[in-house]
Amino acid sequence: MTDRSPLKWIRKSVFGVTQTGLAEIGGVSRPRVSRYETGHDEPPFGFLARLRAEALRLGHPFSADWFFEVPADPAPATVPDDVQ
């Protein structure tokens, strides 16, 4: 992954949480999230599935395509302040 890490974008734009917060959602440790975001490890399917399920449960906009690349127009994915 590059500086435009899709997972980092999901963490900030969809959930609005820290790495610790995303780790809690995904059921992994914070250092593991860091390794996923920097491309040192590939996130397993179960982690990605938990993120998707939580986003949908919270009513956040979500597309599985975002696991692979940051959207060119990130505006539709921005979570309103009152939802966070």
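The preceding data block contains the structure.
For clarity, every value in this text was computed on a predicted model and none was experimentally measured.

Parameters and conventions
Residues numbered from 1 in each chain as written. Predicted model: local features only at pLDDT ≥ 70, side-chain atom pairs only at ≥ 80, totals over all residues. Heavy atoms only, no water. Core = buried A, V, L, I, M, F, W, Y, C linked by side-chain atoms within 4.5 Å. Buried < 20%, exposed > 50% of the residue type's maximum accessible area, 1.4 Å probe, protein only. Helix = DSSP H or I, 4+ residues; strand = E, 2+ residues; numbered from the N terminus. Contact = heavy atoms within 4.5 Å. Salt bridge = Lys/Arg side-chain N within 4 Å of Asp/Glu carboxyl O. Phe/Tyr/Trp six-rings, centres within 6.5 Å; stacked < 30°, edge-to-face > 60°. Arc of directions from axis to C-beta. Axes fitted to C-alpha atoms, helices over the stretch in contact; angles between N-to-C directions. Parallel < 35°, antiparallel > 145°, perpendicular 65-115°, else oblique. Nonpolar A, V, L, I, M, F, W, Y, C, P; charged D, E, K, R; others polar.

Enquirer: Any chance you could explain the nonpolar core here in plain terms?
Expert: Side chains that are nonpolar tend, in soluble globular proteins, to be buried together. Among the nonpolar cores identified, the biggest contains 17 residues, and Ile10, Val14, Phe15, Leu22, Phe47, Leu51 and Phe62 are the most heavily contacted of them. At the level of secondary structure, the elements contributing two or more residues to this core comprise helix H1 (6-15), helix H2 (19-26), helix H3 (30-38) and helix H4 (45-58). Of the residues forming this core, the biggest block, five residues, is contributed by H1. Setting aside its immediate chain neighbours within four residues, Phe15 contacts Ile10, Leu22, Ile25, Leu51, Glu54, Ala55, Leu58 and His60.

Enquirer: What's the story with the pattern of salt bridges in this structure? I'm lost.
Expert: Should their charged atoms come close, side chains of opposite charge can pair. Overall, the coordinates contain four salt bridges when judged by the stated rule. One salt bridge connects Asp41 with Arg35, and the closest N-O pair in it is separated by 2.9 Å. Residue Arg57 is joined to Glu54 by a salt bridge in which the shortest nitrogen-to-oxygen separation is 2.8 Å. One end of the pair is Arg57 and the other is Glu54, both in helix H4 and three residues apart, which spans about a single turn. It is possible to trace a salt-bridge network through shared partners that takes in Arg32, Arg35 and Asp41.

Enquirer: Even after reading the chapter, I still don't get the packing of aromatic side chains, so can you show me in this structure?
Expert: The description of an aromatic ring pair uses the distance of the two centres, along with the angle that the planes make with each other. Scanning the entire structure with this criterion turns up four aromatic pairs. Ring centres 5.1 Å apart and planes at 75 degrees place the aromatic pair Trp9 and Trp66 in the edge-to-face group. Highlighted residues: Trp9 in helix H1 and Trp66 in the segment after H4, separated in sequence by 57 residues. Both rings, one in Phe62 and one in Trp66, keep their centres 5.5 Å apart while their planes meet at 70 degrees; by these two values the pair is edge-to-face. Exposure class is identical for Phe62 and Trp66. Each is buried. One aromatic cluster is present, formed by Trp9, Phe62, Trp66 and Phe67 through successive ring pairs.

Enquirer: Would you mind showing me how to read H3 here?
Expert: Residues of H3 that are buried include every one of Val33, Tyr36 and Glu37, and no others. Seen along its axis, H3 keeps its buried residues to an arc of 95 degrees; they face one direction. Where the residues of H3 are buried, they touch H1, H2 and H4. Just past H3, the residue Gly39 takes up positive phi, approximately 85 degrees.

Enquirer: Help me understand the packing of H2 against H3 in this model?
Expert: Relative to each other, H2 and H3 sit at 100 degrees, their axes nearing to 8 Å. In terms of their interaxial angle, H2 and H3 are classed as roughly perpendicular. Contact with H2, carried on its side by Gln19, Thr20, Leu22 and Ala23, involves Arg30, Val33, Ser34 and Glu37 of H3 and no other residues of that element. Grouping the constituent residues of the contact of H2 with H3 by class yields three nonpolar, three polar and two charged.

These results come straight from atomic positions and should not be treated as a statement about function.
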